[in-house]
Amino acid sequence: MSSKKKRVGPVITTVPRRCRKNIELFFHNLKHKQDILEQYRKDWGDKIKPKSDLGKLNRWRFAFCTVHTPWLYSCLQYLDVRNIYESSLEGFIEKLGYSSGGMYKIKGEGIYNLQNLWHNSPELFSLSELSSRKEWQTARNRLTKKLTKLGLAKTSFAIEMLQPLKAKVICIDRHMFKTFGWENVDKSASHKQYEYFENYWLDLCEEHNVEPAISRNYYWDIIQQQPSSMYWGEYLKDYDYIIHTTRN
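Everything numeric in this text was worked out from a predicted model, so none of it was measured.

Rules behind the numbers
Residues numbered from 1 in each chain as written. Predicted model: local features only at pLDDT ≥ 70, side-chain atom pairs only at ≥ 80, totals over all residues. Heavy atoms only, no water. Phe/Tyr/Trp six-rings, centres within 6.5 Å; stacked < 30°, edge-to-face > 60°. Helix = DSSP H or I, 4+ residues; strand = E, 2+ residues; numbered from the N terminus. Buried < 20%, exposed > 50% of the residue type's maximum accessible area, 1.4 Å probe, protein only. Salt bridge = Lys/Arg side-chain N within 4 Å of Asp/Glu carboxyl O. Contact = heavy atoms within 4.5 Å. Axes fitted to C-alpha atoms, helices over the stretch in contact; angles between N-to-C directions. Parallel < 35°, antiparallel > 145°, perpendicular 65-115°, else oblique. Left-handed = near helix turned anticlockwise from the far one by under 90°. Nonpolar A, V, L, I, M, F, W, Y, C, P; charged D, E, K, R; others polar.

Asker: Requested: an account of the packing of aromatic side chains, with residues and values cited.
Answerer: This structure, assessed with the given rule, holds 23 aromatic pairs. Seen from their ring centres, F177 and Y194 are 6.2 Å apart, and the 75° between their planes marks the pair as edge-to-face. Here Y194 lies in helix α10 (residues 191–208) and F177 lies in helix α9 (residues 174–179), a separation of 17 residues in the sequence. When its relative accessible area of 11% is taken as the criterion, F177 is described as buried. On the accessibility criterion, Y194 (4% relative accessible area) is buried.

See below:
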C-alpha cells in the first residue's frame, strides 16, 4: 500500500438549515410575484441589457467600477469612462480618479487590460451561443482568469447584465454570501465553494422556472429595500437605447 497521503480537497461549507429555509421560501413565494418578475424581465431585457457594441463593453467597465464600491459612487465613476473609445493606462486611471469611487489605480489597470482583450481577443467575450450550465460557468471562469482585478462575482455580474434572460451564472457578492450562510464575508471563498452556492441557487431556479439573473437581482433588491434594479440601471442607458426609446 502506498505511504503517500491522499490529497484532500477544500472543505465545502453547506448552506445552513436556517438559510435554506429563507432561500427556499423566497423561491416558493415567487409564484405570487409574477407581475414583479415580468417587470424585472422587462427592465433587464430592454434597459440593462446593452444594444450596441459600446454598450457591451460598458457593462464590463461598469462591473469594474462596482468592485468594493457603494452603488452610487460606482455609477458616478462609470460615467467618467463610459464614452471612452481608446485610452492609455494613465488615461483610465486619471479619469477614474476624478470621482469618489475609489480604487482608481486597480480599476484603471483592470479596465485597460479589458480594453486590450476586447480588441485583440473578441472571441473571449462571445456569450450568445452558450446553452448549458457547464458552458456558462466554463466561459465565466475563462473570463475571470483573463480579466485581472475583477474576480468571479463581478465577472458574473457583467454576464448577468449582458445576458440577463439566458445567463446560468450569478453574482455572489457580500450580501449574497451572507444569504448562503458564509459568515466571514471578508474571507474569500474558494472557487469550488462559490460554485457550490451558485449551483444551489441555479437548481432552485430550474425547479421554479425563473431566470437566475432575474431572481438573484430581485432578491438583492429586497435586501437593499429597492423596488427595482433601475435605481442603478438608469445609469447604463447607452446612446442606442436613447435613440430606440425616442423613436418609439
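Asker: Talk me through the pattern of salt bridges; I want residue IDs and the actual numbers.
Answerer: Applying the stated rule across the entire model yields 11 salt bridges. In this structure, R133 engages D203 in a salt bridge whose closest nitrogen and oxygen atoms are separated by 2.9 Å. Highlighted residues: R133 in helix α7 (residues 133–146) and D203 in helix α10, separated in sequence by 70 residues. Through salt bridges that share partners, E38, R41 and E211 make up one connected network.

Asker: Explain the environment of K146 residue by residue, including any values.
Answerer: Topologically, K146 is positioned in helix α7. A relative accessible area of 47% means that K146 is categorised as partly exposed. With 36 residues separating them in the primary sequence, K146 and G110 have C-alpha atoms 10.0 Å apart. Ignoring sequence-local partners within four residues, the contact set of K146 consists of N113, L117 and L124.

Asker: Lay out the packing of helix α3 (residues 53–65) against helix α4 (residues 71–79) in plain terms, naming residues and giving numbers.
Answerer: At a minimum axis separation of 8 Å, α3 and α4 run at an interaxial angle of 135°. Taken together, the axes of α3 and α4 lie oblique to each other. When you trace α3 past α4, the crossing you get is right-handed. Where α3 abuts α4, its residues N58, R59, F62 and C65 lie against S74, C75, Q77 and Y78. In terms of residue class, the contact of α3 with α4 is built from 4 nonpolar, 3 polar and 1 charged.

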